[in-house]
Amino acid sequence: MKIKQIIIAGALLVSVTTFAQKDELKALKKIYNKEVIKGDDLAEFKSLADKVQPLAVEEGDKVYANFYKCMIPVLEYSAIDKTMAPLQIQLAFMKFVSPKTISNLASGLNATLDYEKKTGKQIQTDDIIETITSFKPELLNYAIKLGNDNKYKESADVLYSIYQLEKKDQETLYYAANYAIKGQDYDNALVYYKELKALNYTGEGVNYFAKNKATDIEEPFNSKVQRDNMIKLGTHILPRDEKISSKKGEIIRNIALILVNQGKSEEAIVALEEARKENPEDAELIVSEANAYLKLNDAVNYKRLISEALVKSPNDEVLFFNLGVTCANANQLEDAEKYYRKAIELKPDFMNAYLNLADVVLKPDAKFVEDMNKIKGTSDSELKKYNLLKVERQKLFTKAMPLYEKAHELDPKDDLIKSNLKSVYNYLELTDKVKALKAEN
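Since the model is a prediction, treat every value here as computed from it, not as a measurement. (Residues numbered from 1 in each chain as written. Predicted model: local features only at pLDDT ≥ 70, side-chain atom pairs only at ≥ 80, totals over all residues. Heavy atoms only, no water.)

Draft legend 1. Layout of the overall build of the chain. On a plain count of helices and strands, the chain comes out with 22 helices and three strands. Relative to a compact globule of 441 residues, whose C-alpha radius of gyration would be 22 Å, the chain shows 32 Å and is clearly more extended. Overall, the chain is about 100 × 85 × 50 Å in size when its C-alpha atoms are taken along their principal axes. In the chain, 57% of the contacts between residues at least 6 apart in sequence involve partners at least 24 apart. Accessible surface, the chain: about 25600 Å² in total, of which carbon and sulfur atoms supply 53%. Of the side chains in the chain, 65 bear a positive and 68 a negative charge, and the two mean positions are spaced by 2 Å. (Helix = DSSP H or I, 4+ residues; strand = E, 2+ residues; numbered from the N terminus. Rg over C-alpha atoms; globule rule 2.2 N^0.38 Å. Contact = heavy atoms within 4.5 Å. Areas by Shrake-Rupley, 256 points an atom, 1.4 Å probe, with all protein chains shown as cover. Lys, Arg positive; Asp, Glu negative; His and termini not counted. Charge placed at Lys NZ, Arg CZ, Asp CG, Glu CD.)

Draft legend 2. Spatial organisation of the pairing of strand β2 (residues 217–221). Here five bridges tie strand β1 (residues 205–212) to β2, and the two strands are oriented antiparallel to one another. By the bridge assignment, Y208 is partnered in β2 with F221. Hairpin connection, β1 to β2: the antiparallel pair is bridged by four residues, and D216 has positive phi, about 60°. (Pairing = 2+ DSSP bridges.)

Draft legend 3. Local environment of the side chain of S155. By the element assignment, S155 lies in helix α8 (residues 152–165). Exposure remark for S155: the relative accessible area of 0% places this residue in the buried category. Residues in contact with S155, not counting those within four places in the same chain, are A143, L146, G147 and Y179. (Buried < 20%, exposed > 50% of the residue type's maximum accessible area, 1.4 Å probe, protein only.)

Draft legend 4. Region of the structure containing unusual backbone geometry. For D216, which is not a glycine, the phi torsion comes out positive at approximately 60°. For D216, a relative accessible area of 54% puts it in the exposed group. Positive phi values are uncommon outside glycine, yet L238 reaches one of about 50°. Among the structural elements, L238 can be located in strand β3 (residues 236–244). The exposed category is assigned to L238, whose relative accessible area is 54%.

Draft legend 5. Local environment of the environment of F320. With respect to the helices and strands, F320 occurs in helix α16 (residues 317–329). Considered as a pair, F320 and A309 are 11 residues apart in the sequence and their alpha carbons are 9.6 Å apart. In contact with F320, not counting residues within four places along its chain, are L310, S313, P314, Y339, K342, A343 and L346.

Draft legend 6. Seen up close, the nonpolar core. If you look at the biggest cluster of nonpolar residues, it comprises 120 residues, and the most contacted ones within it are F93 and L109. Not counting the four nearest positions on each side in its chain, L109 is found in contact with F67, C70, M71, I128, I132 and L165. (Core = buried A, V, L, I, M, F, W, Y, C linked by side-chain atoms within 4.5 Å.)

Draft legend 7. Local environment of the packing of helix α15 (residues 299–312) against α16. Two elements in contact, α15 and α16, have axes separated by 11 Å at closest approach and are oriented at 160°. Overall, the two elements α15 and α16 adopt an arrangement that is roughly antiparallel. Relative to α16, the crossing made by α15 is left-handed. Each of Y302, I306, A309 and L310 in α15 lies in contact with α16, whose residues at this interface are L319, F320, L323, T326 and C327. Across the contact of α15 with α16, the residue classes break down as eight nonpolar, one polar and no charged. (Axes fitted to C-alpha atoms, helices over the stretch in contact; angles between N-to-C directions. Parallel < 35°, antiparallel > 145°, perpendicular 65-115°, else oblique. Left-handed = near helix turned anticlockwise from the far one by under 90°. Nonpolar A, V, L, I, M, F, W, Y, C, P; charged D, E, K, R; others polar.)

Draft legend 8. Just the sheet that holds β1, in detail. Strand order in the open sheet made by the three strands is β2-β1-β3, with antiparallel pairing throughout. Both outer strands of the open sheet, β2 and β3, are each paired with one neighbouring strand and no more. Across the sheet, the mean angle from the axis of one strand to that of its neighbour is 30°, orientation sign disregarded. Against the sheet, helix α11 (residues 224–233) contacts β1, β2 and β3, and its axis sits at roughly 165° relative to β3.

Draft legend 9. Here's a closer look at the packing of helix α10 (residues 186–198) against helix α12 (residues 248–261). Two numbers describe how α10 lies on α12: the axes approach to 9 Å, and their chain directions differ by 150°. With respect to α12, the element α10 is oriented roughly antiparallel. The handedness of the crossing between α10 and α12 is left-handed. Along the contact surface, α10 presents Y186, A189, L190, Y193, K194, L196 and K197, while α12 presents I251, I252, N254, I255, I258, L259 and N261.

Structure (structure tokens):
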């Protein structure tokens, strides 16, 4: 009997909770439907949204509880005093938005649209579409602000959320991918680029311009119709069209390079072959493919591709520099030195080539130090061996010295270059040069 009473009491508790949740959803809907939501109404709405979301049980209740919760940033933005200066409005907006809240907004609105499409009851659909249209410019400005503040990953996250809100705007997805690359978020960048590829996005189009007669400044227009209307009105002259090239090759290329960066060599080779069909003259892609083969220990294909790259770009100093990096990473020091010196020959002020070449020259130094430290005795044979190693080590430093000196000449304020050069001078006991370097500070 007691067990039955407990079960009945539990059932009553669930019923009471469900009724309370229904009442709170009704209260949320009532406030949401008001023309203006500010002050106490907004505070009550936020409180109710926090309470009802974890209590929702039925699918529809969960969807709408989440809808009201995710809409809070939009309502807070709507409550801002729009008579303030634009900068003040932007600062106020920044207080209640973040990449996370915008991501929640996108998922919440899409879930509501999907549910209403499934049920055939479009309760909030029109309002959601209007919200996306009106709120999107502020979200884009927020993404731009994050990008300008060098918060590239956060900007990419916001741009991707905007794309989720309006998937016909594929250009936003393209910029999300680019910002993810800048933010070194390669995993998400790869997802975005692959989605663009699946959508067959090209980004091709036309930009429309005309000169404003009053300001004598050329201005862009959103469409040809808009531009032509201004020409007819006589406010603008000299119409100009600018073709936007296809970004398809760039997208495939970036997919391939990310895969190389992630060490997925076999997958990268497939992507690189496709990328090369879109960009047959891109020598960097050839080098990337060669690098992928090198990681697979396929020397035949590696050498074949390197030869092909050199034929295509025999005077490209960046190509030779990249080849130097590839060979250095593979511990092919002689080839690395050859390519770095060729890059310097083609571009005598190529500072990074001098620095990388100096690193290659000094690479054997660690082994010399190790061998010298192993010599513990003072016998004639041991001292002779030690002195021979010391002479060889001095040869390395002597060979590296003019490289660091040239790099220092190109960038005299770089502290790391000065520190390396000072170490070389000290080891070679060039005290006058050490003093002169110190005197520069």
